[in-house]
Amino acid sequence: MNRRIRTALGVALTATLVTTAAPAPAAAHDRRPSVIALPDGFAPEGVATAGRYAWFGSRATGEIYRADLITGAGKQVSPATGTPSLGLKVDARGRLFVAGGTAGDARVIDTRTGAVLASYRFAEAPTFVNDVTLTRDAAWFTDSNRPVLYRLPLGRGGTLPPADGFTTLPLTGDFQQTGTGVNLNGIAPTPDGRALIVVQSNTGTLFRVDLATGVTTAVEVPGATFLNGDGLLLLGRTLYVVQNFLNQVAVVDLNRSGTAGVARGVITDPGFDVPTTVAAALGRLYLPNGRFTTPPTPTTPYTVVAVDAR
């Protein structure tokens, strides 16, 4: 390739880095639906994926619903609990970790049988256990009403702890609990796996959390703010930040330690209706529409939108 062609190609690639775009149309042979219907009245919040399947939690009833991302078909895998099911993560052992919102709890569900394998009560009201991420040796949960993280240690072979086997990590440093709105929300590991990234929804700030001390430092992303930040997803060194009421997903390239990043643009889609969280599967990002601006009823329709990962 001669120098002129190489230069033109480099300019073209750079010009497409920062974009606001809807997903490209699927190829004719691609059977994956771009929109998946959830049960009426479901009121989704969390999403987790493994292979061709995605699991969704209902903030209204606590039900867990599984959808086939190839066919769009789905079924209930865990019944309503009467308390919310918010952030979700699934591990390699087929266990679904569920954040329990205002119940102040978490539970772990067998994705094959729907059986509850373990449950944990982290806190009493006021509490809002909002999201969860998995590291090599623990599950970590945020609480939007408290400046803490909850840690479920995973033993040898991924053994779950007893009901009282969790710890609470107070956050210090740059993070400050602010007002009565949603504070801590989404959570993800740093690219090097040595710390965590959290988003504070009501200030639009990302923070890096030291796992040993709880000391937080603001992540430097020049020119960017993440107001209404909800679910987080890390793929390699790319962090996706769902900004629910803004109907967009911010894309950030992080350094390995997660101390700084570069904003690469946003992803939007006409089908977004207050998306809440995000998970990746089959080369796409899947986002459930929380529809927070629509009064929930038993017949309110809810959907999941698939967009290309960028």
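This is a predicted model, so every value here is computed, not measured.

J.: Break down the overall build of the protein for me, with residues and values.
T.: Across its full length, the protein carries one helix and 26 strands. The C-alpha atoms of the protein give 19 Å as radius of gyration, which agrees with the globular expectation for 310 residues (19 Å, within 12%). Taken over the C-alpha atoms alone, the protein extends approximately 65 × 45 × 40 Å along its principal axes. Entry remark: accessible area of the protein is about 13400 Å², with carbon and sulfur atoms responsible for 56%. The distance from the centre of the 27 positive side-chain charges to the centre of the 22 negative ones in the protein is 9 Å.

J.: Give a detailed account of the nonpolar core, specifying residues and quantitative values.
T.: One finds F97, Y120, F122, F141, Y150, L152 and L160 to be the most contacted residues of the largest nonpolar core, which totals 18 residues. Of all the elements in the fold, those that place two or more residues in this core are strand 8 (95–99), strand 9 (105–110), strand 10 (116–121), strand 11 (129–134), strand 12 (138–143) and strand 13 (148–153). When residues of this core are assigned to their parent elements, the largest contribution, three residues, is made by strand 13. Here L160 is in contact with R95, F97, V108, L117, A118, Y120 and L154, once residues within four sequence places are set aside. With 16 residues, the next largest nonpolar core counts L38, A54, F56 and V304 among its residues.

J.: Hey, could you go over the sheet that holds strand 3 (residues 44–50) for me, with residue numbers and the actual values?
T.: A sheet is described by the order of its strands in space; here four strands give the open sequence 3-4-5-6, paired in antiparallel fashion. With one partner strand each, in any of the chains shown, strand 3 and strand 6 (74–78) form the two edges of the open sheet. Direction aside, the axes of adjacent strands within the sheet are offset by 30 degrees on average. Where strand 3 and strand 4 (residues 53–58) come together, five bridges link them in antiparallel fashion. Note on strand 4: the bridge partner recorded for T49 is A54.

J.: Which residues make up the pairing of strand 6, and what are the values?
T.: Strand direction decides the pairing type here: strand 5 (residues 64–68) and strand 6, joined by four bridges, are antiparallel. Paired with Y65 across the two strands is Q76, which belongs to strand 6. What sits between the antiparallel neighbours strand 5 and strand 6 is a turn of five residues, in which G72 has the positive phi angle 85 degrees.

J.: So what about the sheet that holds strand 13? Which residues, and what values?
T.: The strand order across the open sheet built from four strands is 11-12-13-14, with neighbouring strands paired in antiparallel fashion. The strands lining the two open edges of the sheet, one partner per strand, are strand 11 and strand 14 (167–170). For this sheet the average axis-to-axis angle between neighbouring strands, irrespective of direction, equals 25 degrees. Strand direction decides the pairing type here: strand 11 and strand 12, joined by four bridges, are antiparallel. The residue bridging T133 from the neighbouring strand is W140, located in strand 12.

J.: Residues and numbers for the packing of aromatic side chains, please.
T.: Applying the stated criterion to the full structure yields six aromatic pairs. Ring centres of F122 and F141 lie 5.2 Å apart, and the angle between their planes is 55 degrees; this geometry places the pair in the tilted category. Highlighted residues: F122 in the loop between strand 10 and strand 11 and F141 in strand 12, separated in sequence by 19 residues. Take F122 and F141: they sit in the same class, and that class is buried. Their ring planes at 85 degrees and their centres at 5.4 Å tell us that F175 and F207 sit as a pair that is edge-to-face. Of this pair, F175 sits in the loop between strand 15 (172–173) and strand 16 (184–189) while F207 is found in strand 18 (residues 205–210), placing the two residues 32 residues apart along the sequence. Judged by relative accessible area, F175 falls into the buried class, the value being 2%. Its relative accessible area of 4% is what places F207 among the buried residues.

J.: Break down the confidence of the model for the protein for me, with residues and values.
T.: Model confidence for the protein is summarised by a mean pLDDT of 92, while 91% of its residues fall at 70 or above. pLDDT under 50 marks residues 1–28. Its contacts with residues more than four places away, or in other chains, come to 28 contacts.

Scoring rules and cut-offs
- Residues numbered from 1 in each chain as written.
- Predicted model: local features only at pLDDT ≥ 70, side-chain atom pairs only at ≥ 80, totals over all residues.
- Heavy atoms only, no water.
- Helix = DSSP H or I, 4+ residues; strand = E, 2+ residues; numbered from the N terminus.
- Rg over C-alpha atoms; globule rule 2.2 N^0.38 Å.
- Areas by Shrake-Rupley, 256 points an atom, 1.4 Å probe, with all protein chains shown as cover.
- Lys, Arg positive; Asp, Glu negative; His and termini not counted.
- Charge placed at Lys NZ, Arg CZ, Asp CG, Glu CD.
- Core = buried A, V, L, I, M, F, W, Y, C linked by side-chain atoms within 4.5 Å.
- Buried < 20%, exposed > 50% of the residue type's maximum accessible area, 1.4 Å probe, protein only.
- Contact = heavy atoms within 4.5 Å.
- Pairing = 2+ DSSP bridges.
- Axes fitted to C-alpha atoms, helices over the stretch in contact; angles between N-to-C directions.
- Phe/Tyr/Trp six-rings, centres within 6.5 Å; stacked < 30°, edge-to-face > 60°.
- pLDDT = per-residue confidence, 0-100.

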